[in-house]
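Geometric and topological summary
Residues per chain are reported as follows:
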Amino acid sequence: MKRVNAVVVGAGAAGGIVAKELAVAGLSVVLLERGKWYTAADCRKDDLRNQRTTVLGNAFGPEDEGTPRVWVDAQGATHTVLASEGGYNNNAACVGGGTLSYGAQAWRYMPQDFRMRSTYGAPAGSSLEDWPISYDDLEPFYEQAEYEIGVSGDDSGTPFRGPRRRPLPMPPLPPGREFSVLEPAAKRLGLHPFHIPMARNSVPYNGRGPCMRCRWCVGFACEVDAKNGSQNTVIPVALNTGNCELRTGCMAKEILTDERGRARGVAYFDERGRLREQWSDIVVVSGCATESARLLLNSTSGLFPYGLGNRYDQVGRHLQGHHYTGALGYFDFETYDDIGPGATIAISDYNHGTPDLCGGGMLANEFIRLPIHMVDRLPPGTPRWGLAHKQAMRHWHKRTIVIMGPTQQIPTADARVTVDPAVRDKWGLPVCRFSGNVHPHTFEIGEVQARRAEAWLKEAGAIHTSLMAGKPTIVSAGQHQAGTCRMGNDPRTSVVNKTCQVHDVDNLFVIDSSVHVTNGGFNPVLTIMAVAYYASAALVREWKGTGFRS
Amino acid sequence: MLSGSKSALVTRRQFVAAGVAGGAAVAIGCNATDRGNWEFLTVDQSRTLAAICDQIVPADDFPAASQAGVPDYIDRQLIRHYRRYQDEYRRGLEQAEALSRSRFGRELASLPARQQLEIVAALEQQKPEFFALVRNHTMEGYYGSPRHGGNRDAVSWKMLGLPEPPLLGRAQYDLGKGESQ
């Protein structure tokens, strides 16, 4: 195969952007994606098989056959899990990655989110740290993501956000009934509710129409293609340059290195299972926090016996996601209007600034309530089956509001991805193995957040409430997974430098959620995108043609 | 090709709808390995499963689980996504029958509803893992998408006052107005 300038592994939120930025700058790019390219026609509206409710499998990958992972519980016992099971911590495996089927909340982190250690100090036993870059460094790239991907919403109602030079490119969708119930209640509590920024068209944008407001959003591909992911924005732009080739069904096996310790390409299995080598000047790993770490760890050689970037045993550590907590409120009037897309109102009053708590998170109304979700969300004390359960379904389905939010996790070095010594996937590659957990202070913050959600619901008129505040015994990385190839200035405590370049391999980059030092109290995708634009800009600046060296 | 497979599906659904009412008559002549029109279950197992499902979601003003096709949903998945639970179902349904015969001397499906409820409650106590499986699968079959054979005619969605197809949002927008490309 013809040697190219860059191989990008993974066509998700970050990889799509990197491929586009490099291709537009004139580099020849091969974009490898293990999954398929789905379209709006693959929406299917199947409530039992999508990317959020997976009892009958993942709609957008990976499939269950031949793709196991292993997790180690607090007692040290190991469990092998299928891709559609909870402990798998899946995101997606397809062109667009998670952005094909996500809920599309497009948050900027707050300035403090990049300075967690300076703001709070690191709790004992945690690995809380500052990012080596600031909100101000990323601000132009947040804006680029908002305009190129397309974000609607209006965050002018809250003072709890970083400065922005330009407003969002699209107005929010008109409010639904939950918004009209929750907004005045939040204001009575002295809070600052506002319209959630969403990577979703509220008006025609980028040549595609607006959201049709169905309730089947998060977990599904958008039927009218109004939800904006990398698959319908940057990846088509990349392909249209003529400089980028997308290869689907291709699973990266390892990053190849030469005798001098530089990356020389990627070995991968193509869609027919044949082992291929694509040589390149640079390699960019954008496989998401779990799979990027796995690829680096599986890329062993004489010079790199422990995997690439892993000289100081840092790859895979500080695994984090979000600790979701909140509350259910039950009302004596109908709160459900069956108008989508889902979450509409949020507050970020509680992300920072609570004495004795290292952070917090935003709170928002829930994203989706299909009947199958309500089955286990009835008021406490409701029988789990039988006539009373059926009648409770009927009574409460339209009289419930859920408020919850992503509590920022306090990372630890022990929460990590390694590769399992025994279990292999269908390509024969060692699989991800999860162990450890986030710092217990995370759960204290989460509990306070749940009580705040409950207070908001009560103020809105809930006649019963129940708290949702568990203490998972394993790190909940899931679709918000981050942190496994930490960005930092010190090679002994991080994997990449502040432009996402692996410390000891100068033509190898990790550009995705892996580099997040901390993960904010918000859905991470816009930050993943902003970092991808930022790191791509640095890479293009440094690019001096074949034989890249910085 | 497409229309051919669709008409086969309709035929099967019609057959299953008829089969619930006719089940007792059909069952008289069957033995323990007769699958009738089921893909995984035997006819006997299907009767036991239907009886359990109908206690989990009983009839009131709206249909019971079996009337909504829940056993059909479970049967289909037992040779598809839930292949891994085949043994649990074989054993669990056998245990439910054993409970019924030891307590009432008759097969579960032939008992009056009150005694069926007693057996299903005992099953929940004695075989909690199997019961949790059937309970969850019954909820999926009753409240999930009709595309998988359960929730026939979207009865549960109608019960909850939700539209079928579930697309009220679309009705509020005239997509022909040229907003969308």
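Thresholds, definitions, all that
Residues numbered from 1 in each chain as written. Chains lettered and ligands numbered in written order. Predicted model: local features only at pLDDT ≥ 70, side-chain atom pairs only at ≥ 80, totals over all residues. Heavy atoms only, no water. Helix = DSSP H or I, 4+ residues; strand = E, 2+ residues; numbered from the N terminus. Buried < 20%, exposed > 50% of the residue type's maximum accessible area, 1.4 Å probe, protein only. Contact = heavy atoms within 4.5 Å. Areas by Shrake-Rupley, 256 points an atom, 1.4 Å probe, with all protein chains shown as cover. Expected span 1.5 Å × (residues − 1). Pairing = 2+ DSSP bridges. Buried area = accessible area lost by both parts, 1.4 Å probe. Salt bridge = Lys/Arg side-chain N within 4 Å of Asp/Glu carboxyl O. Polar contact = N/O pair within 3.5 Å; in protein donor to acceptor, adjacent residues only side chain to side chain. Nonpolar A, V, L, I, M, F, W, Y, C, P; charged D, E, K, R; others polar. Phe/Tyr/Trp six-rings, centres within 6.5 Å; stacked < 30°, edge-to-face > 60°. Lys NZ or Arg CZ within 6 Å of the ring centre and 35° of its normal. Core = buried A, V, L, I, M, F, W, Y, C linked by side-chain atoms within 4.5 Å.

1. So, the overall build of chain B
Counting its regular elements, chain B contains eight helices and zero strands. N-terminal to C-terminal, the α/β element order of chain B is α-α-α-α-α-α-α-α. The buried share of chain B, reckoned over its 181 residues, is 46%. Long-range contacts, defined here as pairs at least 24 residues apart, represent 57% of the contacts in chain B between residues at least 6 apart. For chain B, the accessible area works out to roughly 9,000 Å², and carbon and sulfur atoms hold 53% of it.

2. Concerning helix α10 (residues 525-542) of chain A
For α10(A), spanning 18 residues, the distance from its first C-alpha to its last is 26 Å, which sits close to the expected 26 Å at 1.5 Å a residue. Among the 18 residues that make up α10(A), 14 are buried, leaving the element largely enclosed by the rest of the structure.

3. Some thoughts on the pairing of strand β15 (residues 416-424) of chain A
When a strand is regular, its side chains alternate between the sheet's two faces. Sheet topology places β15(A) next to strand β16 (residues 430-435) of chain A; five bridges connect them, and they run antiparallel. Bridge pairing in β16(A) links A:R416 to A:S435.

4. Considerations on the interface of chain B and chain A
Every contact between the two is made by 46 residues of chain B and, on the other side, 46 residues of chain A. Buried area between chain B and chain A, summed over both chains or domains, comes out near 3,600 Å², and the portion from carbon and sulfur atoms is 60%. On the chain B side of the contact with chain A, B:R135, B:Y143 and B:L160 bury the most area, a combined 16% of that side's loss. Viewed at the interface, chain A and chain B are joined by five salt bridges. A salt bridge links B:R135 to A:D376, with the shortest nitrogen-to-oxygen separation between them at 2.9 Å. For the interface between chain B and chain A, the tally reads 18 residue pairs in polar contact (both at pLDDT 80 or more). Per-element tally for the side of chain B that touches chain A: the top contributor is helix α6 (residues 128-143) of chain B, with seven residues. Here the side of chain B that touches chain A is composed, by residue class, of 25 nonpolar, twelve polar and nine charged.

5. Remarks on the pattern of salt bridges
Residue and element names in this part refer to chain A. Across all of its chains, the model carries 50 salt bridges over all chains by this definition. Ionic pairing is found between E366 and R369, a salt bridge with its closest N-O pair at 2.8 Å. No difference in accessibility class separates E366 from R369, as the two residues are buried. Via salt bridges that share partners, R108, E139, E143, E146, D155, R161, R164, R165 and R166 belong to a single interconnected network.

6. What to know about the packing of aromatic side chains
To describe a pair of aromatic rings, you give the distance between the ring centres and the angle between the ring planes. In the structure shown here, the tally under the stated rule is 16 aromatic pairs over all chains. A ring pair is formed by A:W216 and B:W157, whose centres lie 5.8 Å apart and whose planes are at 65°; its orientation type is edge-to-face. Within this pair, whereas A:W216 is found in the loop between β6 (194-198) and α5 (234-240), its partner B:W157 is found in helix α7 (residues 155-159), the two belonging to separate chains. Of the two residues, A:W216 and B:W157, both sit in the buried class. Following the ring pairs from residue to residue traces out a cluster consisting of A:Y109, A:F114, A:W131, A:Y135 and A:Y142. For the cation-ring pair, A:R166 lies above A:Y147, with the distance from its terminal atom to the ring centre recorded as 3.8 Å. A:R452 extends its terminal NZ or CZ atom over the ring of A:Y350, reaching a point 4.0 Å from the ring centre.

7. As for the nonpolar core
Counting 169 residues, the largest nonpolar core has A:L296, A:L508 and B:Y89 as the members making the most contacts within it. When residues in this core are grouped by element, the largest group, eleven residues, is from α10(A). Setting aside anything within four residues of it in sequence, one finds B:Y89 in contact with B:L49, B:I74, B:L78, B:F130, B:L133, B:V134 and B:H137. By size, the runner-up hydrophobic cluster in this structure holds 18 residues, among which are A:A327, A:I347, A:W456 and A:A460.

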